[in-house]
Amino acid sequence: MNIKNLINTTIALGLISLNTYAANLNVTIDNVNSNDGKILAQVFKGEDKYKTGKPESSIIVPAKKGENNFLFQNLSAGEYAVRLFHDINDNNDLDTNVFGMPTEGYGFSNQAVGNFGPPKYKDMVVVISKGAESADTKVKMIY
Amino acid sequence: MNRREFIQSLAVLGITASHLPTALLANNNKTWKQKYDAAIKSDPRLIGHQNYTQERQAESLVIEGEFPKDFSGTFYRNGPALLERDGVRQKHLFDGDGMIHAFKFENGKVSFINKFVQTHKYKKEQKAERFLYDFSGLGLKNTESVSSADSINMANTNVLPVGNEIWALWEAGSAYGMHPETLETKGTITLNAQLKGAPFSAHPKIDADGTIWNFGLDYASGQVIIYKLNSKGGMQKFGIVKTDYHAMLHDFLITDKHILLVLPSLKVNPKGKGFAAQQQFDENRSMRVLVVDKSDFSLKATHEFPACFLFHFGNAWEEKDGTIRFDGCRYPNLEVLHRMENIMQGDTYLMKDTISQTVIFTIYPDGKTKQEAFAGSAEFPRIYPSLTGKRNEKVFTIGDTKDAQWADSIRSMSIESGKIDQYVYGEDYLVEEHVLVEKPEQKSGYLIGTALNWKKQQTCVSLFDAENIKSGPLARAWLPFHIPLGFHGNFKVV
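Keep in mind the model is a prediction, meaning the values are calculated, not measured.

Rules of the game
- Residues numbered from 1 in each chain as written.
- Chains lettered and ligands numbered in written order.
- Predicted model: local features only at pLDDT ≥ 70, side-chain atom pairs only at ≥ 80, totals over all residues.
- Helix = DSSP H or I, 4+ residues; strand = E, 2+ residues; numbered from the N terminus.
- Rg over C-alpha atoms; globule rule 2.2 N^0.38 Å.
- Buried ≥ 20, exposed ≤ 12 C-beta atoms within 10 Å, placed from the backbone.
- Contact = placed C-beta atoms within 7 Å.
- Nonpolar A, V, L, I, M, F, W, Y, C, P; charged D, E, K, R; others polar.
- Pairing = 2+ DSSP bridges.
- Axes fitted to C-alpha atoms, helices over the stretch in contact; angles between N-to-C directions.

Participant: Could you give me a rundown of the overall build of chain B, with the residues and numbers involved?
Facilitator: Broken down by element type, chain B carries 5 helices and 34 strands. For 494 residues, the compact-globule formula gives about 23 Å, and the C-alpha radius of gyration of chain B, at 21 Å, lands near that figure. Across its three principal directions, the C-alpha atoms of chain B cover 60 × 55 × 50 Å. Residues counted as buried form 49% of the 494 residues belonging to chain B. Contacts spanning at least 24 positions in sequence make up 57% of the contacts within chain B whose residues lie at least 6 apart.

The structure is reproduced here in structure tokens:
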């Protein structure tokens, strides 16, 4: 293999690597209100997948009072949205009241909060840039 | 005044077109607060809507006359008090943070305490020393999002003794539980997990057996939740009634068999800035009465009346043949709601459309309907509590004999004969809701209520013989200061 091929191969490998699974998305939840239950979180790649409810990855972490941190691994570059809830009673469901309002804590990436309704996708977008090893996003927990 | 007037349609009322006060138009570059501050200098009656932040206590109020020794209990009232923060004045009277006022009667003496309801909104804004939620176009910067109705719950409309607590009520979110003596806020009332954060109106109705009925409208879906609670506030049952109504729904009624959801002729303009501004009168929309079965919450019938608006109802009952009758304080349109923005900026310009009058609505078994209006202005209707859902002869209201801005008088009126028993406080007084404290023998008792004397800048609480109002108060207790004009209250007998 000559030098040129080596470089090309390296670049090609690098691109493949970037285009498949490379980066981490670090998520920080500002304020979980108890140690009970767990946090169920999903990450979506792009608006269509968010709206059709097809997550790229899901994670379950034990809830702890105060700030909580976890990460989604091996995400390719692109636009993401995270949604999560605090399953305080461990029934694996986001409980709601009779009118569909969540009665357990919930939140979205980029600290998106709805105003008289759910937040908009564009407000929860977090971008993983090409070549980046990680991206950070914060979630404001709404109880 | 004693003549009973029969009015078949609203057209007979001769509704006048509303018109904008010119003074306001010329004054548009001033802030809401500047306008109010300027106006109160020339019209001291506006003290009733002044920003109020003082939590106070007063022992042994100065008493005129004599409170009966056996008259014992606490008169609770609620209303918007905190109207300004950081130089910003709320636009609508409904947007002030709720304050509970408690007058305690014991051995002929009267004491007083008042406290803010420590709502999520109040606590957060108190800490920030500014308004954080801009839901009515105040033009605030760095605001917080409104993620649920309870995030802006002001708990400012009514207060109801329930079991060992008092509940401060709003209409779009949860009730707040408070200690009946100290007025310390305990937190939101969650009746069960499915009802957390659900709307719980400010006008519960209580059956003779103590059962508490209430409703709450989910504006988005148009679904109305019906609550049936025991006398201690424990959930017995709830159900949903589906409607296509999404606008303001303030009050409701019960009979012995049914729940009446009365949907006034309102529609929503989503472009309006704030809840009140979004509410629009729709003269082409009938007022509808949904008759809901108390036993299973099923919708039995829907009846229509000519377009009108009402905040409040006195009572409903059913006759043996199934005829339903109820009374309410009817407005020809919704100007009264929008006028509360004018008052908040100190404009006391008067419009005839903001006068309400007692109307008896009748629904016959064949579905035909009738309205009968009674002369004189009337609002805040109350009845003897034991007659809720049963035939009542009298309805007790406040009203004004001179102009329509503030009430100056109280009255009872026989809805059978039209006979009126009235007491006029006089022009120095801004009269608030008066409620009945029934004697055990029923259909007799006391009428109690507050009034703000704007000349003295003091609020008084007065007790009347409910069967002889015209003789004037049996006794009156004076606070050494004034409290803001509020909305509704209730008396807890001890």
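Participant: Mind laying out the interface of chain B and chain A, listing which residues take part and the relevant values?
Facilitator: Facing 15 residues of chain B, the contacting portion of chain A comprises 11 residues. Class assignment of the residues belonging to the side of chain B that touches chain A gives a composition of 6 nonpolar, 7 polar and 2 charged.

Participant: Tell me what's going on with the sheet that holds strand S1 (residues 23–32) of chain A, and back it up with residues and numbers.
Facilitator: Residue and element names in this part refer to chain A. Pairing within the open sheet is mixed, and its 3 strands lie in the order S4-S1-S8. On the outer flanks of this sheet lie strand S4 (66–75) and strand S8 (134–139), each paired with one strand and no other. The sheet shows a mean angle of 20° between the axes of neighbouring strands, taken without regard to direction. Taken together, the 7 bridges between S1 and S4 define a ladder with antiparallel strand orientation. Its bridge partner being in S4, Val32 is matched across the sheet by Gly66.

Participant: Any details on helix H5 (residues 335–344) of chain B? Residues and values, ideally.
Facilitator: For an α-helix, the turn length of 3.6 residues means that residues three or four places apart are oriented alike. Residues and elements named next belong to chain B. For H5, the buried fraction is high: 8 of the 10 residues fall into the buried class. Here H5 has its buried residues at Val336, Leu337, His338, Arg339, Glu341, Asn342, Ile343 and Met344. Just downstream of H5, Gly346 is the residue with a positive phi angle, here 85°.

Participant: I'd like a description of the sheet that holds strand S34 (residues 489–493) of chain B, backed by residues and values.
Facilitator: Residues and elements named next belong to chain B. Taking strand neighbours across the sheet as the criterion, the 5 strands line up as S1-S7-S6-S3-S34 in an open arrangement whose pairing is antiparallel. The sheet is open, and its two borders are formed by strand S1 (57–58) and S34, each paired with just one other strand. As defined by bridge partners, strand S3 (residues 73–82) adjoins S34 across 5 bridges and the pair is classed as antiparallel. Directly across from Arg77, in S34, lies its bridge partner Gly489.

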